[in-house]
Each structure stands twice: as structure tokens, then as C-alpha cells.
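Observations on chain architecture
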Amino acid sequence: MFRRPIKEINAEFKAEEKYLDSIHRTVRESCIAASMNKKEIAAVLLAIEEGATNIIRHAYLYEKGLMRVRIVIYKKLVVFSLIDYGRSFQPDNSGKVDLQKLVESGRKGGLGFYMIQKIMDSVEYISTASFNELRMIKRVHEDKQKGKPFLRRMFSLRFKFSFWTFIIVSMIIGGSIYYFDHEISSGMYRHKHETVQALGKTIAAQAAGHILNNRSDVEFDELIISYKLANPELKQIVLTDASNMIRAHSDDILFIRKRYLPPKGLNADKLNTPQSFTIDNNEVVFLVVPIKLGENIIGKVNIIYTTEGIYNRLSDTRKQIFLLTVILLVFGILGIYLLSDYFVSPILKITHRIRRFTSGDLETELPLEGAEEFFEISKAFNQMITRLSQDRKNIAAREKMAKEIEVASEIQKTLLPHNLPKIKNLDVETFYRAASLVGGDLYDVFEVTDKRYCMVVADVSGKGVPASLVMSMLRTVIQIHVKQMLSPKKIIVSVNDYMKRNIPPGMFVTVFLLMYDSNDNSISYVSAGHNPMFYYNSVRGEIEELNPKGMPVGLPTKENDKFETSIIEEKRIMQEKDCFLIFTDGITEAPNREGNLFGIERLKELIKSNASNSSISMTKLSDTLVDNIDDYTGFHKSVDDISFIVAQYKKEKPKSDSKINKKQNNNLPIKNINVDSNDSETP
């Protein structure tokens with residue numbers, strides 16, 4: 001187990017049953033890479049599913065969490081680890097769980113652990129203060145395939161190629177030899193038969209003259225003996241007359257004037273047809289040639305001859321051919337083996353490289369050698385490996401970046417206010433939703449002094465990590481300058497001086513900054529190129545767009561005071577039930593399925609209809625606004641960050657004076673005051 005691992009796989013999943021299929025796929029691929037058979041893979045999958053299910057149902061009984069799957073492949077075993085960060089299964093703090101005791105005690109999951117123990121070769125449950133680990137070891141058994149590596153080496157691709165090539169070549173050569181031997185031997189025998197037949201016809205022609213001239217028996221004997229002596233392959237010549245009486249016999253004259261009996265099993269009436277038979281284990285041929293006088297048969301020439309000479313010549317020739325064939329096959333096998341090295345070796349190298357690739361080696365390249373086709377295959381494979389290696393590095397880099405972005409998102413969320421300050425006579429609610437993991441919107445509500453509060457909504461140009469970094473910097477700079485008790489205009493000018501020097505080129509920020517003073521219930525505000533603030537006037541029952549002029553923060557300007565002169569600060573005294581909304585354009589530019597935007601008018605009507613309800617809280621108004629946006633967009637993912645601050649003035653009044661105060665409030669005038677830029681503090 002302590003040897004160097006062949007491969008290690010790490011994956012993380014949400015501890016939910018719907019992700020069991022993904023865990024299955026990861027474990028199955030790892031088992032295949034470890035060369036497990038189907039039965040072992042099925043058993044491992046069952047054990048892993050049982051372990052994961054126990055973690056989901058018991059470790060995260062009261063909460064949701066993550067489950068990490070770690071698989072380490074060694075040469076002869078695989079270690080599976082299921083790591084969770086939830087509740088431990090163990091009954092005490094001993095550090096390790098006694099699984100046998102857990103099974104016997106009948107605790108939840110006990111039967112499942114019993115099954116896991118039966119399937120796996122080793123099971124261990126480790127619990128620490130920070131995590132729990134269910135570690136299972138499965139050995140890769142090789143008993144059923146004992147001796148297979150030797151057979152695999154013996155019957156390698158090179159051996160198979162050489163063997164089957166040898167078999168095919170041998171069959172071709174053997175078939176060719178058989179064909180030509182059959183044709184040659186048949187031709188030689190046919191030629192022999194034709195020669196003997198011609199000789200028999202010659203003898204028959206002379207014998208016909210002897211019969212017509214009534215020659216003596218001695219002359220007949222001389223005739224056949226002379227032919228027999230001249231042709232050694234002729235073993236016997238017998239002349240018979242029309243009544244089948246012997247007129248001449250090459251073996252013994254005592255047979256003359258006797259009836260001729262052909263060899264047993266042969267037919268003397270088959271004329272000019274060779275008939276084979278065996279004498280003393282030697283094959284001989286019997287041939288009958290008629291002696292004719294015109295069309296009449298007056299006798300027969302019965303010839304027995306041997307083909308031993310042909311057989312001997314054929315045997316000698318066959319031995320020579322066999323010897324030559326063996327020599328050629330030996331050289332052929334050597335040539336085939338060498339040829340297989342040229343064609344098969346590149347395939348073996350490619351196969352070996354693919355096996356190393358499946359084990360995780362993405363560095364070693366194939367040598368560019370062999371035939372042109374193998375050269376191209378090796379070249380294409382090397383290119384594929386290079387791309388896969390680069391893709392793996394890119395995936396790792398993307399995963400690392402995604403993790404860093406996720407951390408940045410968590411940090412960004414901590415920068416947003418979680419607990420809003422309790423502001424006298426003012427009900428405040430906020431909302432923030434990033435279009436991606438990190439956003440470029442900012443909202444902040446914080447106390448400056450006991451009576452003064454600052455509210456900021458800003459939108460950084462662009463999205464992603466750069467915008468979030470600028471947003472974080474902007475929040476810090478605003479809080480620093482607000483503490484100097486400056487007016488909103490002075491604050492935004494100071495912020496711009498800093499941001500202009502430190503913001504990346506091409507980026508800018510739109511800001512709406514508002515100061516609320518609970519002493520006189522006044523709001524002082526500036527807009528640096530931001531959306532207008534929607535102000536609900538409870539006396540008139542109308543929505544006003546308050547948007548003082550101003551340039552965005554961070555834009556480069558040729559004139560040093562151009563930004564300061566562009567900023568206009570306004571002030572307003574809030575009346576009972578007055579309400580304002582500061583927001584980013586992610587609301588008004590939220591599209592529906594047809595691409596139509598949510599729009600300003602729809603937002604104004606929504607604020608007006610809800611703010612006029614005296615019993616509605618800002619929390620309810622915020623929820624209503626978000627629900628309407630989601631309904632309009634069809635719950636599609638936001639294309640831009642959404643953030644807003646909504647607040648309503650609600651003065652706490654004594655019950656006895658409520659009617660008098662209401663009358664006075666209805667008669668109070670509405671004030672809009674432009675504040676000079678030289679004022680150091682809002683009056």
C-alpha cells in the first residue's frame with residue numbers, strides 16, 4: 001500500500017442523492033483504470049453507493065454539505081475514501097469507529113456497513129474534529145488469470161502475426177505443390193499409359209499379320225519377347241486369338257494353346273482401358289489391346305506393365321521439393337518475423353503508449369518511425385496527447401480560478417452590510433444579487449454619527465473579478481472620507497480624486513450617495529452619473545425622479561476641477577410616508593423571454609402602488625419588487641447585477657397628538673435645496 005500510486009482521482013460532490021449517478025461514473029472509470037473485472041466493479045459500486053447514502057442521510061441529517069471522493073490506484077489494490085464534514089457516525093471520541101460493534105448494535109447504517117465489510121477487503125472509519133473519512137480497500141485479484149501474462153507474452157501480436165502469416169503462406173505453398181504434383185504425376189502416368197497403348201497397338205498390328213500368314217508359335221514368341229526385352233517396364237505380354245486361346249506367352253511357352261485367364265478382379269473385355277491392380281505390394285497396370293482385321297477382332301494383346309519407374313522418379317522429385325520447401329519456409333519465417341517487427345512494433349508501441357495514457361501519463365510521446373501510415377498515426381497521437389495535456393492544465397487552471405473566484409465571492413459578500421443600523425423614523429431594506437459569482441455593484445448603509453447615516457449604491461463598469469476589486473476599493477474609500485464629516489459633494493469629490501489615480505484604465509463607477517440626518521429628517525444626496533433616485537411624495541401621491549447632475553467617478557479629465565464643478569448636491573426634508581429607492585440599472589434593464597426590458601415606468605408604478613399602502617413594510621416592498629422582477633424575466637439568470645436600497649419615513653407619534661400632527665404634516669412645504677460646493681457640511 002505504501003508503494004507509489006499509479007493514479008489518484010479526487011472529486012467533490014454535493015451530499016445529495018441526485019449526485020449518486022455522478023459518483024457512480026467516477027468510481028466506475030477508476031475501477032476500469034485499475035483493471036477490475038465486471039463482477040468486482042459491480043460489488044465496489046454497491047459498496048460506494050451504500051457508504052455515500054449513509055453519509056447523505058446521517059452525516060448531513062440537519063444540513064446540506066459536500067462529500068469528497070478520493071480514489072488512489074495501486075498496482076494490486078485500490079483505496080476508496082468518502083470524506084465528509086458533517087456529523088460523525090461514531091458513538092464516542094475514540095478516534096475510530098468499531099464497525100463490528102456498530103453492526104452488532106443495530107445502529108442506523110449497521111446493515112449497510114456489514115455489506116460494505118463483506119464486499120471490501122478492508123474498511124475503516126476515521127473521525128476527527130474537522131472531517132470524517134470512510135476508507136475502503138479493494139484488492140485486484142489475479143488468481144483467475146494466473147499465467148495469463150506469460151500466455152499474453154507468448155501469444156503477442158507479433159507472434160500471432162508471424163504464426164498466421166506462416167500458416168497462410170504454408171497453405172498457399174502446400175496447395176500449390178499439391179496441385180502441381182497432381183498435374184505432373186497425372187501427366188506422367190497418362191503419358192505412360194499412352195506409350196504402352198501405342199506399343200500394344202504396334203504389337204497387335206504385327207500379330208495380325210502373323211495370324212493371317214499362319215505363322216508358327218515360335219515366331220509369335222519371338223515377337224513378344226523382343227518387345228518385352230526392348231521395354232523393361234513390360235512385365236508380361238500374352239497374345240490370344242478370337243477364342244481367347246493363348247498363341248504366345250512371354251513368361252512360359254507351356255501356356256500356349258490354353259485358355260487365357262486375366263488377373264483376378266480384372267475384366268479382359270475392357271479394351272484400351274488401363275486397369276490397376278497390386279502384385280506383391282507393387283502397383284501394376286493391365287491393358288488389353290485388340291488385334292483387328294478390318295473391323296473384326298481376331299485376337300487380343302494382353303499387357304501387364306509397371307509404373308514403378310514413374311513412382312520412383314516422382315518420389316525423388318517430391319523429396320527434393322520438400323527439402324527446398326522447408327528451406328524456403330525457414331527463410332520465410334525469418335523474413336515474416338522481421339517483417340512483423342517493421343509493421344507490428346509501431347502498433348505495439350502505440351498500444352503501450354495508450355495504456356500509459358489511460359494510467360495518467362500525458363508527457364511521453366511516441367517515436368515518429370515506421371511506415372508512413374504509422375508515422376502519421378504517431379504524429380496525430382502525439383498531437384492529441386499534447387492537446388489533452390494542455391486541456392488538462394487549462395481545466396486545472398480554470399478549476400483553480402473558479403475556486404479563487406468562489407472565495408472572492410465569499411469575501412465580497414462579507415463586505416456587504418449584513419446587519420443594517422437601526423435608524424430613527426426610517427424603515428430601510430436592501431437587496432443584492434450578482435449576475436455571476438462576483439459582481440460589480442455596491443450598496444452600503446452605515447452610521448456616521450448618532451444622528452447621521454450614509455447610504456450608497458454604486459455600479460462599476462464591467463463584470464467579474466476586476467469590477468469586484470474596484471467595488472471593494474470604492475467601499476473602503478467612501479467609508480474613510482465619510483468619517484471626516486464632509487458633505488456628500490465633498491465626499492464624492494475626494495473619492496474621485498483617489499479613484500482616478502488608482503482605478504484601472506477604461507473603468508469608471510457610477511455612484512449615488514445619500515446622507516440622512518435624523519435631527520431634521522433631511523436627506524442630502526449627489527449622483528455621479530448614476531440612475532435617478534425614485535422618490536415617492538406621499539402628499540402628492542406621485543413618484544419623482546431625483547437625479548442631480550454629475551460625472552461618473554474615475555473618468556480621466558483634462559481639467560482638475562471639472563468633476564467637482566459637474567457635481568450638484570441636493571437636499572430634501574422627508575415627510576410622513578415619503579419613500580425613496582436607490583437602485584442600479586440591473587432592475588430596469590432586466591429582459592423577459594422576448595427581450596423586452598423591465599423598464600423605468602413599470603418600476604415607478606410598482607413603487608407607487610406599494611408605497612401608498614401605509615401598512616406595508618420595506619421588507620415586504622423589497623420582496624414584492626424582487627418577485628415582480630423574477631416573474632417578468634421568467635426566473636432567468638440575471639444579465640446584470642441587481643442592487644437597491646429602499647427606505648420610508650415613518651415617524652413615531654404619540655396617540656393623543658396623532659390628528660394634530662397629521663394636519664400639520666399635510667401643510668408642510670416641500671424643500672429642494674442646492675448646496676454650494678464650498679460648504680463644508682450639509683446644514
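First things first, this report covers the structure right here in the doc. As a convention, each chain's residues are numbered from 1 in the sequence order in which they are written. Local features are withheld for residues below a pLDDT of 70 in this predicted model, meaning they are given only at 70 or higher, and side-chain atom pairs are given and counted only at 80 or more; totals for whole chains, interfaces and linings count all residues. Think of the side-chain values as coming from all heavy atoms in the structure, minus any hydrogens and water.

**Quick word on the packing of helix 14 (residues 600–611) against helix 15 (residues 618–633)**
Inter-axis angles, ranging from 0 to 180 degrees, are taken between N-to-C directions of lines fitted to C-alpha atoms, where helices are fitted over the stretch in contact. In this text, helices come from DSSP runs of H or I with a minimum length of four residues, and strands from runs of E with a minimum of two, each type numbered from the N-terminal end. Where helix 14 meets helix 15, the axes come as close as 11 Å, and the angle between the chain directions of the two elements is 145°. Crossing geometry of helix 14 relative to helix 15 is assigned as right-handed. Residues Arg 602, Leu 603, Leu 606, Ile 607 and Asn 610 of helix 14 touch helix 15, and the partners they reach there are Leu 621, Thr 624, Leu 625, Asn 628 and Tyr 632. By convention, the crossing between two helices is left-handed when the near helix turns anticlockwise from the far helix through less than a right angle, and right-handed when the turn is clockwise. Every residue pair with non-hydrogen atoms within 4.5 Å of one another is taken to be in contact.

**Remarks on the packing of aromatic side chains**
Ring geometry is summarised as follows: Phe, Tyr and Trp rings, the Trp one being its six-membered ring, pair when their centres sit within 6.5 Å, and such pairs are stacked at plane angles under 30 degrees, edge-to-face over 60 and tilted between the two. Counted by the stated rule, this structure contains seven aromatic pairs. On the basis of an interplanar angle of 25° and a centroid distance of 5.5 Å, the ring pair of Phe 431 and Phe 644 is categorised as stacked. Remark: Phe 644 occurs in strand 20 (residues 642–649) and Phe 431 occurs in strand 11 (residues 426–433); sequence separation between them is 213 residues. Centroid distance Phe 598 to Tyr 632: 5.5 Å. Interplanar angle 85°. Geometry classified as edge-to-face. Of this pair, Phe 598 sits in the loop between helix 13 (585–588) and helix 14 while Tyr 632 sits in helix 15, placing them 34 residues apart in sequence. Classification of Phe 598 as buried rests on a relative accessible area of 2%. Remark: a charge is flagged as sitting over a ring if the NZ atom of Lys or the CZ atom of Arg is within 6 Å of the ring centre and within 35 degrees of the ring normal. Arg 572 extends its terminal NZ or CZ atom over the ring of Tyr 535, reaching a point 4.6 Å from the ring centre. Lying over the aromatic face of Phe 598, Arg 602 brings its terminal NZ or CZ to 5.6 Å of the ring centre. Each residue gets one of three labels from its accessible area relative to the maximum for its type: buried under 20%, exposed over 50%, partly exposed in between, using a 1.4 Å probe on protein chains only.

**Thoughts on the sheet that holds strand 3 (residues 77–84)**
In this scheme, strands are said to pair when DSSP sees at least two bridges between them. Taken together, the five strands give an open sheet; going across it, the order is 1-2-3-5-4, and neighbouring strands pair in antiparallel fashion. A strand with exactly one partner marks an edge of an open sheet, and here the two such strands are strand 1 (7–14) and strand 4 (122–127). If you compare each strand with its neighbour and ignore which way they point, the axes differ by 15° on average. By the bridge criterion, eight bridges tie strand 1 to strand 2 (residues 66–73) in an arrangement that is antiparallel. By the bridge assignment for strand 2, Glu 8 is matched with Val 72. Along the sheet face, helix 2 (residues 38–59) touches strand 2, strand 3 and strand 5 (132–139) and points at about 15° away from the line of strand 3.

**Details of the packing of helix 10 (residues 464–482) against helix 11 (residues 488–502)**
Helix 11 packs onto helix 10 with a crossing angle of 140° between their chain directions and a minimal axis gap of 9 Å. As summarised for this structure, helix 10 and helix 11 are arranged oblique, according to the angle between their axes. Between helix 10 and helix 11 lies a crossing of right-handed hand. Contacts between helix 10 and helix 11 involve Val 470, Met 473, Leu 474, Val 477, Ile 478, His 481 and Val 482 on the former and, on the latter, Ile 491, Ser 494, Val 495, Tyr 498, Met 499 and Asn 502. Three classes are used, and their members are as follows: Ala, Val, Leu, Ile, Met, Phe, Trp, Tyr, Cys and Pro are nonpolar, Asp, Glu, Lys and Arg are charged, and the others, Gly among them, are polar. Of the residues assigned to the contact of helix 10 with helix 11, the class counts are ten nonpolar, three polar and no charged. When an angle is under 35 degrees it counts as roughly parallel; over 145 it counts as roughly antiparallel; between 65 and 115 it counts as roughly perpendicular; any other value is oblique.

**Concerning a nonpolar patch on the surface**
Only residues whose relative accessible area exceeds 30% and that form no salt bridge are eligible for patches; like-charged ones are grouped when within 9 Å, while nonpolar side chains (Val, Leu, Ile, Met, Phe, Trp, Tyr) are grouped when within 5 Å. In these tables, accessible area is a Shrake-Rupley quantity obtained with a 1.4 Å probe, and a residue counts as shielded only by the protein chains included in the view. Every case where a carboxyl oxygen of Asp or Glu lies within 4 Å of a side-chain nitrogen of Lys or Arg is listed as a salt bridge. Among the surface-exposed residues, Phe 159, Phe 163 and Trp 164 lie close enough to one another that they form a single nonpolar patch of about 320 Å² accessible area. Mapped onto the elements, Phe 159 comes out in helix 6 (residues 157–212).

**Focus: unusual backbone geometry**
Not every positive phi belongs to a glycine, and Ser 35 is a case in point at roughly 65°. Locating Ser 35 in the fold gives a position in the loop between helix 1 (20–33) and helix 2. In this structure, Lys 577 is a non-glycine residue whose phi angle is positive, near 75°. With respect to the helices and strands, the residue Lys 577 is situated in the loop between strand 18 (569–573) and strand 19 (579–583).

The values reported here are purely geometric and, on their own, carry no functional implication.
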